[in-house]
Amino acid sequence: MQEGKNGNNPTFTVFNNGEKVTFEITKNMFDALKPQSDLIRNINNSKLSKVANKVSNFRRGVLTEYNPLFSLTNAIKDAQDVLINSQHPGKTYTKFPEAYAQIINKGYWYNEYVRNGGEQNSYFKDGKFETDIKTNKAKSAITLPLKGISKINNVIEMAPRLAEYIVSREAGRSIETSMLDASRVTTNFKAGGDITKTLNRNGFTFLNASVQ
């Protein structure tokens, strides 16, 4: 990327089949795509940050992903968010049963949604359960109930987004626009500035969601 100078727009250059292609982009797009500042990058790569990250992930897991009560409280919150944030709330509510069925049966809309990054909109860490790594039998037995709670919470959290995605796609919207609708229908955990996200990872758990 090149920053715009002398009144010119910034540019973004790619190579398509070996051919250099340069696009003009807006300043807002440039600001969104530019790398993190050296200060933010150094903080995130520090040893202290790695420790704070583990603490934040543990706290987030205990309060959300591995918490059976979160299933109820999150479902109520997300249902309210749909009313405020949805592009078509009435239709989205009617699609909740279909969304659950799509997730359980891995249906067409579910596969399209996941294939285009739907799992990355999760409240949990990148939509993945951290104990999916290979463990010994004793540890696997201990984590088995947690995995069950995690799967239930993930289904409940994804359902409103998938319902919004289905309605948007059936209304003729593109995949990209429908993905945006879905990410915004409840709290968009991928949104946020560098400072807020850095603080969120380093001890200020849930700050990014609270700001939104």
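Preceding this paragraph is the structure being described.
What counts, and at which threshold
Residues numbered from 1 in each chain as written. Predicted model: local features only at pLDDT ≥ 70, side-chain atom pairs only at ≥ 80, totals over all residues. Heavy atoms only, no water. Helix = DSSP H or I, 4+ residues; strand = E, 2+ residues; numbered from the N terminus. Buried < 20%, exposed > 50% of the residue type's maximum accessible area, 1.4 Å probe, protein only. Contact = heavy atoms within 4.5 Å. Areas by Shrake-Rupley, 256 points an atom, 1.4 Å probe, with all protein chains shown as cover. Core = buried A, V, L, I, M, F, W, Y, C linked by side-chain atoms within 4.5 Å. Expected span 1.5 Å × (residues − 1). Arc of directions from axis to C-beta. Salt bridge = Lys/Arg side-chain N within 4 Å of Asp/Glu carboxyl O. Patch = residues over 30% accessible without salt bridge, like charges linked within 9 Å, V, L, I, M, F, W, Y side chains within 5 Å. Pairing = 2+ DSSP bridges.

Caption draft 1: Summary view of the overall build of the protein. Counting its regular elements, the protein contains 11 helices and two strands. When its helices and strands are written in sequence order, the protein yields β-β-α-α-α-α-α-α-α-α-α-α-α. The buried share among the 212 residues of the protein stands at 37%. In the protein, 64% of the contacts between residues at least 6 apart in sequence involve partners at least 24 apart. Approximately 13300 Å² of the protein is accessible, and the part contributed by carbon and sulfur atoms is 58%.

Caption draft 2: Structural context of the nonpolar core. Judged by nonpolar contacts, the single largest core of 16 residues is most densely connected at Ala99, Ile103, Tyr110, Tyr113, Met158, Leu162 and Tyr165. Where this core is concerned, the elements lending two or more residues are α6 (96-105), α7 (108-115), α8 (137-170) and α9 (175-185). Counting residues per element, this core draws most heavily on α8, which supplies six residues.

Caption draft 3: Looking closely at helix α4 (residues 70-85). Given a rise of 1.5 Å per residue, 16 residues ought to cover 22 Å, and the 21 Å separating the end C-alpha atoms of α4 matches this to within 8%. Along α4, the positions that sit buried rather than exposed are Phe70, Ser71, Asn74, Asp78, Asp81 and Val82. For α4, the angular spread of buried residues about the axis comes to 105°, placing them on one side. Those residues of α4 that are exposed and angled more than 90 degrees off the buried face are Leu72, Leu83 and Ile84.

Caption draft 4: Main features of helix α3 (residues 47-65). Across its 19 residues, α3 extends 26 Å between first and last C-alpha, which sits within 8% of the 27 Å expected from 1.5 Å per residue. Of all the positions in α3, only Ser49, Ala52, Ser56, Asn57, Arg60, Gly61, Thr64 and Glu65 are classed as buried.

Caption draft 5: The arrangement of the pattern of salt bridges in detail. Evaluated as defined, the whole model comprises eight salt bridges. Here Lys77 makes a salt bridge to Asp81, at a shortest N to O gap of 2.6 Å. With a gap of four residues between them, Lys77 and Asp81 both fall in helix α4, about one helical turn apart. When the shortest N-O distance is used, the salt bridge between Asp181 and Arg173 registers 3.0 Å. What emerges from the salt-bridge pattern is a single network uniting Lys77, Asp78 and Asp81.

Caption draft 6: Summary view of a nonpolar patch on the surface. On the surface, Met1, Phe12, Phe23, Met29 and Leu33 cluster together to form a nonpolar patch covering roughly 450 Å² of accessible area. Mapped onto the fold, Met29 is located in helix α1 (residues 27-33).

Caption draft 7: Region of interest: unusual backbone geometry. The phi torsion at Lys106 lies on the positive side, around 50°, for a residue other than glycine. On the secondary structure map, Lys106 appears in the loop between α6 and α7. Here Phe206, not a glycine, exhibits a phi torsion of approximately 75°, which is positive. Following the sequence through the fold, Phe206 ends up in the loop between α10 (194-201) and α11 (207-211).

Caption draft 8: Main features of the side chain of Ser178. Positionally, Ser178 belongs in helix α9. The exposure class of Ser178 is buried, given its relative accessible area of 0%. Leave out the neighbours within four places in its chain, and Ser178 touches Tyr165, Ser168, Arg169 and Arg173.

Caption draft 9: The arrangement of the pairing of strand β1 (residues 11-16) in detail. In this sheet, strand β2 (residues 19-24) lies alongside β1 in antiparallel orientation, the contact comprising six bridges. Bridge pairing in β2 links Thr11 to Glu24. The hairpin turn running from β1 into β2, its antiparallel successor, is two residues long, and Asn17 in that turn takes a positive phi close to 55°.

Caption draft 10: Just the environment of Gly203, in detail. By secondary structure assignment, the location of Gly203 is in the loop between α10 and α11. Judged by relative accessible area, Gly203 falls into the partly exposed class, the value being 44%. Along the chain, Gly203 and Arg59 lie 144 residues apart, while their C-alpha atoms are 9.2 Å from each other.

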